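Residues per chain, in single letters:
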Amino acid sequence: MPPTPSQQRILEFAHSFRIAALAITFAELGIAEQLGDGPKSTSELALALGADPSALARFLRAAAALELVTETPVGWQLTTLSRETLVPSSPSSLAHFLAAQAAFYRRWSLLAEAVRTGRAPEASRREEDAGDWVRRFTLMLYEVARMTSEDVAKALLPLLTDRPRPRVLDLGGGHGEYAMALARLHAGLEATVFDRPPVIAVTRELVDRQGLGNRIQLQGGDFFEDPLGEAYDLVLLFGVLNGMGEQEAERLLRRVRQVLLPTGWLAIRATPPTAPPSAILQHALHDLQMLLATERGRNPTAQDLESWLGRAGFHEWRWIATTDPGTALLVARAQPSAPSASSSTRA
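Rules used in this analysis
Residues numbered from 1 in each chain as written. Predicted model: local features only at pLDDT ≥ 70, side-chain atom pairs only at ≥ 80, totals over all residues. Heavy atoms only, no water. Helix = DSSP H or I, 4+ residues; strand = E, 2+ residues; numbered from the N terminus. Rg over C-alpha atoms; globule rule 2.2 N^0.38 Å. Buried < 20%, exposed > 50% of the residue type's maximum accessible area, 1.4 Å probe, protein only. Contact = heavy atoms within 4.5 Å. Pairing = 2+ DSSP bridges. Axes fitted to C-alpha atoms, helices over the stretch in contact; angles between N-to-C directions. Phe/Tyr/Trp six-rings, centres within 6.5 Å; stacked < 30°, edge-to-face > 60°. Expected span 1.5 Å × (residues − 1). Arc of directions from axis to C-beta. Polar contact = N/O pair within 3.5 Å; in protein donor to acceptor, adjacent residues only side chain to side chain. Parallel < 35°, antiparallel > 145°, perpendicular 65-115°, else oblique. Left-handed = near helix turned anticlockwise from the far one by under 90°. Nonpolar A, V, L, I, M, F, W, Y, C, P; charged D, E, K, R; others polar. Core = buried A, V, L, I, M, F, W, Y, C linked by side-chain atoms within 4.5 Å.

Enquirer: Could you clarify how one ought to interpret the overall build of the chain in this entry?
Expert: Each helix and strand in the chain was counted, giving 15 helices and nine strands. Relative to the globule expectation of 20 Å for 347 residues, the C-alpha radius of gyration of the chain, 23 Å, shows essentially globular dimensions. By its C-alpha atoms, the chain is 70 × 50 × 40 Å across when sized along the principal axes. Across the 347 residues that make up the chain, the buried fraction comes to 46%. Taking as baseline every contact in the chain between residues at least 6 positions apart, the subset at least 24 positions apart corresponds to 69%.

So, in structure tokens, the structure goes:
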């Protein structure tokens with residue numbers, strides 16, 4: 001008897017980890033980098049990677065079935081898929097993203113422990129003690145941000161249309177790609193990316209690579225202790241609040257409110273109130289990621305965010321859709337604007 005539809009679905013759930021492990025290992029081994037200049041035989045590739053030739057041959061046959069490589073008379077070569085997405089120098093690269101998933105793959109194997117104890121497993125925290133963790137994590141997020149940054153920037157630009165030289169703070173901006181996307185679209189815009197000093201060291205490389213060092217200022221420090229600047233037209237707070245508990249989040253929102261102009265805007269990227277089922281699943285999975293990675297963090301819901309904004313002193317907010325139905329921009333003002341037919345009210 002063939003499996004029932006319900007059985008088939010469970011089998012797919014249970015087996016999908018093997019494909020993920022294959023793709024992650026492909027990136028972790030650096031195979032795309034080695035084949036970027038042309039085909040190599042199994043023995044040549046094994047020597048370059050420091051791998052066992054026999055085991056590597058078995059691995060490459062599986063990678064070929066996943067359409068990551070093909071075998072030719074002169075050796076293994078990359079497919080178009082791999083050349084576009086897994087060679088680090090490609091504009092569409094996800095090589096750093098995929099290689100970084102190795103740590104998360106190990107972390108998710110501890111999910112049962114996290115659910116039983118209600119806290120991040122000790123092994124998860126040890127992953128982040130590695131010397132290159134900050135760099136790998138920042139480059140991973142940068143590759144993902146490049147796919148949506150222009151769309152996000154275009155959605156935010158109407159908030160700045162009447163401001164010839166707007167000032168933007170990308171708080172916890174990490175790689176700075178969202179600030180850079182705004183700068184690419186608005187010639188008069190200047191931005192400050194604020195994050196921890198080890199992160200800012202990586203940000204500097206990325207900003208310099210795009211030639212935006214004269215318009216994107218970088219500041220390393222502590223969100224809660226160090227000066228953030230003042231009189232900003234727009235503050236971006238993307239992916240920061242979900243690493244905090246409720247009290248910390250509200251404390252940070254109050255700090256943000258103090259550095260905004262009276263007419264300035266705060267923008268938070270989050271799952272909207274009316275999200276499709278696929279986005280609801282991704283939101284829940286990200287929430288579990290916070291359980292595995294942080295002590296108090298969680299992925300706040302739209303209702304959580306609106307409640308925090310109200311308690312932090314914001315008086316007006318609304319959601320701005322993007323081309324991705326799974327995410328939207330929650331924008332808020334520290335002071336209410338003049339009443340209009342289109343203005344939003346508190347939830």
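Enquirer: What exactly am I supposed to notice about the sheet that holds strand β7 (residues 260-270) here?
Expert: As summarised here, the arrangement of the seven strands in space is β5-β4-β3-β6-β7-β9-β8, forming an open sheet in which the pairing is mixed. The open sheet has two edge strands, β5 (216-220) and β8 (316-321), and neither has a second partner. When strand polarity is set aside, the average angle formed by the axes of neighbouring strands in this sheet is 20°. Pairing geometry for strand β3 (residues 167-171) and strand β6 (residues 232-236), over three bridges, is parallel. By the bridge assignment for β6, valine 168 is matched with leucine 234. Running over the sheet, helix α10 (residues 149-156) touches β6, β7, β8 and β9 (328-333) and is turned about 35° from β9. Each of β3, β6 and β7 is contacted by helix α13 (residues 246-259), which is oriented at about 140° to β7, the strand it contacts most.

Enquirer: Is there a simple way to think about the pairing of β7 in this case?
Expert: Look at any regular strand and the pattern is simple: side chains alternate between the two faces of the sheet. Here β6 pairs with β7 via four bridges, running parallel. Across the sheet, leucine 234 pairs through a bridge with tryptophan 265, a residue of β7. As judged from the six bridges shared by β7 and β9, these two strands associate in the antiparallel manner. Across the sheet, residue isoleucine 268 finds its bridge partner in β9, namely leucine 330.

Enquirer: For this particular structure, what's the right way to read the packing of aromatic side chains?
Expert: Here the distance between the centres and the angle between the planes together describe a pair of aromatic rings. Overall, the coordinates contain five aromatic pairs when judged by the stated rule. Taken together, a centroid distance of 5.7 Å and an interplanar angle of 20° make the contact between tryptophan 133 and phenylalanine 137 stacked. Of this pair, tryptophan 133 and phenylalanine 137 both sit in helix α9 (residues 133-145), four residues apart, which is roughly one turn of the helix. Relative to phenylalanine 238, the ring of tyrosine 178 has its centre 5.0 Å away and its plane inclined at 80°; by these criteria the two rings are edge-to-face. With tyrosine 178 in helix α11 (residues 177-185) and phenylalanine 238 in the loop between β6 and α13, this residue pair connects regions lying 60 residues apart in the sequence. Phenylalanine 238 matches tyrosine 178 in its accessibility class, with the two residues each being buried. An aromatic cluster is present here, built from Phe104, Trp133 and Phe137 joined pairwise through their rings.

Enquirer: I'm lost on helix α4 (residues 53-65) in this one. Help?
Expert: Think of an α-helix as turning once every 3.6 residues; residues three or four places apart then point the same way. Across its 13 residues, α4 extends 18 Å between first and last C-alpha, which sits within 8% of the 18 Å expected from 1.5 Å per residue. Inspection of α4 places Leu56, Ala57, Phe59, Leu60 and Ala63 among the buried residues, and these make up the whole buried set. On an axial view of α4, the arc spanned by its buried residues comes to 165°, and they lie on one face. Across α4 from its buried face, at more than 90 degrees, point the exposed residues Arg58, Arg61 and Ala65. Looking at the buried positions of α4, the neighbouring elements they touch are α1 (5-29), α2 (31-35), α3 (42-49), β1 (69-72) and β2 (75-78). Of the residues flanking the start of α4, the one acting as N-cap is aspartate 52, its side-chain oxygen 3.2 Å from the backbone nitrogen of serine 54. A positive backbone phi angle near 65° is found at glutamate 67, which sits one or two residues after α4.

Enquirer: Can you help me understand the packing of α1 against helix α6 (residues 95-108) in this one?
Expert: The relative placement of two packed helices is expressed as an angle between their axes plus a distance between the axes. In contact at an axis separation of 8 Å, α1 and α6 are set at 125° when each is read in the N-to-C sense. Taken together, α1 and α6 sit at an angle that is classed as oblique. By crossing handedness, the relation of α1 to α6 is classed as left-handed. Between α1 and α6, the contacting residues are Phe17, Ala20, Ala21, Ala23, Ile24, Ala27 and Glu28 on the first element and Ala95, Leu98, Ala99, Gln101, Ala102, Tyr105 and Arg106 on the second. For the contact of α1 with α6, the per-class residue count stands at 11 nonpolar, one polar and two charged.

Enquirer: Would you mind showing me how to read the nonpolar core here?
Expert: Inside soluble globular proteins, nonpolar side chains tend to come together where they are buried. With 34 residues, the main nonpolar core has Leu156, Leu182, Ile216, Leu234 and Leu236 as its most contacted residues. Of all the secondary-structure elements, those providing two or more residues to this core are α9, α10, α11, β4 (190-195), α12 (197-209), β6, β7 and β9. Of the residues forming this core, the biggest block, six residues, is contributed by α11. Once you skip the residues sitting within four places of it in the chain, leucine 182 turns out to touch Ala153, Leu156, Leu157, Val168, Leu189, Leu234 and Leu236. Grouped together as the second largest cluster of nonpolar side chains are 30 residues, Phe224, Leu237, Leu241 and Leu309 included.

Enquirer: Would you mind going over the packing of α13 against helix α15 (residues 302-311) with me for this structure?
Expert: Their axes nearest at 9 Å, the elements α13 and α15 cross at an angle of 55°. Classified by the angle between their axes, α13 and α15 sit oblique to one another. At the point where α13 passes α15, the crossing takes the right-handed sense. Within the contact between the two elements, α13 uses Glu246, Ala249, Glu250, Leu253 and Arg254 and α15 uses Trp308, Leu309 and Arg311. Taken together, the residues of the contact of α13 with α15 break down into four nonpolar, no polar and four charged.

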